[in-house]
Amino acid sequence: MGRIFEVRKHTMFARWDRMAKQFARISKDINIAVKAGGSDPNSNPALRRAVQNSRNLNMPKDKVEAAIKRASGKDATAYEQIIYEGYAPHGVAVIVEAATDNPTRTVAQVRAIFSKGNGNLGTTGSVAFQFRKMGVFRLKPDGIDHDPEFGHMQEALEKRGIHPISAAHEYICTTPIELPEAQATEVLQLIDALEQNDDVQNVYHSLV
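Overview of the structure. (Residues numbered from 1 in each chain as written. Predicted model: local features only at pLDDT ≥ 70, side-chain atom pairs only at ≥ 80, totals over all residues. Heavy atoms only, no water.)

Topic: the layout of surface pockets
Over the atoms, a rolling probe the size of a water molecule traces out where space has been left empty. One number sums up the size of the largest pocket: a volume of about 1,200 Å³. Looking at the largest pocket, it is lined by 35 residues, and the ones nearest its centre are Asp29, Ala168, Gln201, Asn202 and Tyr204. Mapped onto the lining of the largest pocket, the elements with two or more residues apiece are helix H1 (3–37), helix H2 (45–56), strand S1 (80–87), strand S2 (93–100), strand S4 (131–138), strand S5 (166–173), helix H6 (181–196) and strand S6 (200–205). Tallying contributions element by element places H1 first for the lining of the largest pocket, with nine residues. (1 Å grid on protein atoms, 1.4 Å probe; cavity = no way out; pocket = protein on both sides within 12 Å on 5 of 7 lines; lining within 4 Å. Points joined across faces, edges and corners; volume = space filled by probe spheres on them. Helix = DSSP H or I, 4+ residues; strand = E, 2+ residues; numbered from the N terminus.)

Structure (structure tokens):
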């Protein structure tokens, strides 16, 4: 069918692969939220955030409902949330959020990714001091009043009919590093490898 078809097929499969990983991560978020606060989004802000994020990824409603039902069952997988800290090449600080049912497997995989990418997995606290954990709401800018909102941001936004593109707690770097293109590419290859791992939920870093 020719090279153009092959390119299109590769692009299509890559998009499906990314979508599958995003859906899997949202399903884990739903599982963790349900375990912590119950299956009703109206009384569980963490679950409400996860459901809203699923909509922004165009995750089918039946998949979301199935994830909530699975998480509510007695045989639901119990995920442990773990934070890993380390350095990518050229002194770039990295924080990795994982959700796993097998911490021994996950730490071995994360350590191997750091090592292969010329970085190193550190100990707890080795890079966390370079980040602040903050609630981050990403909005479409059109028609939004940019005055700061305080208190319960999620509820306030919902009351105003503003639906965030995403809402999450994120680690924001306070000491960003800028690198030449070749070095930045090396760092981004390590970060991409971490993000591709099935147990990894989010990766934060100090590269700008």
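With respect to the sheet that holds S2
Taking strand neighbours across the sheet as the criterion, the four strands line up as S3-S1-S2-S6 in an open arrangement whose pairing is antiparallel. What marks the edges here is a single partner per strand, and that holds for strand S3 (120–121) and S6. The pairing of S1 with S2 spans eight bridges and is antiparallel. Bridge pairing in S2 links Glu80 to Thr100. Running over the sheet, helix H4 (residues 103–116) touches S1, S2, S3 and S6 and is turned about 20° from S1. Those strands touched by H6 are S2 and S6, and its axis lies near 160° from that of S6. (Pairing = 2+ DSSP bridges. Contact = heavy atoms within 4.5 Å. Axes fitted to C-alpha atoms, helices over the stretch in contact; angles between N-to-C directions.)

Digging into the pairing of S1
From the end of S1 to the start of S2, which pair antiparallel, there are five residues, and His90 there has a positive phi angle of about 65°. Of the pairings in the sheet, the one linking S1 to S3 comprises two bridges and is antiparallel in character. The residue of S3 that forms the bridge with Tyr87 is Asn120.

Topic: the nonpolar core
Val94, Val96, Phe114, Val187 and Leu194 are the most contacted members of the largest nonpolar core, which totals 19 residues. When contributions to this core are tallied by element, the ones reaching two or more residues are S1, S2, H4, H6 and S6. The element that contributes the greatest number of residues to this core is H6, accounting for five residues. Counting residues in each nonpolar core, the second largest holds 13 residues, with Ala33, Leu47, Ala50 and Val51 among its members. (Core = buried A, V, L, I, M, F, W, Y, C linked by side-chain atoms within 4.5 Å. Buried < 20%, exposed > 50% of the residue type's maximum accessible area, 1.4 Å probe, protein only.)

Considerations on the pattern of salt bridges
Within the structure shown, the criterion is met by three salt bridges. The residue Lys28 makes a salt bridge to Asp199 at a minimum N-O spacing of 3.7 Å. Of this pair, Lys28 sits in helix H1 while Asp199 sits in the loop between H6 and S6, and the two are 171 residues apart along the sequence. The class of Asp199 is buried, set by a relative accessible area of 7%. Here Arg105 makes a salt bridge to Asp199, at a shortest N to O gap of 3.0 Å. Taken together, the residues span a long stretch of sequence, with Arg105 in helix H4 and Asp199 in the loop between H6 and S6 at a distance of 94 residues. Members of the salt-bridge network, linked through shared partners, are Lys28, Asp101, Arg105 and Asp199. (Salt bridge = Lys/Arg side-chain N within 4 Å of Asp/Glu carboxyl O.)

Side note on the environment of Ile95
By the element assignment, Ile95 lies in strand S2. Judged by relative accessible area, which is 1%, Ile95 ranks as buried. A C-alpha to C-alpha distance of 4.7 Å links Ile95 and Glu85, two positions ten residues apart in sequence. Contact partners of Ile95, with chain neighbours within four places excluded, come to Ile83, Tyr84, Glu85, Val127, Ala128, Phe131, Tyr171, Asn202, Val203 and Tyr204.

So, H6
With 16 residues, H6 should reach 22 Å at 1.5 Å per residue; the first-to-last C-alpha distance of 22 Å fits that figure. Within H6 the residues assigned to the buried category are Ala184, Val187, Leu190, Ile191 and Leu194. Looking straight down H6, one finds that the buried residues subtend no more than 120° of arc, so they occupy a single side. Away from its buried face, by an angle of more than 90 degrees, H6 presents the exposed residues Glu181, Ala182 and Gln189. Elements in contact with the buried residues of H6: S2, H4 and S6. (Expected span 1.5 Å × (residues − 1). Arc of directions from axis to C-beta.)

Bear in mind that shape data such as this cannot, by itself, settle questions of function.
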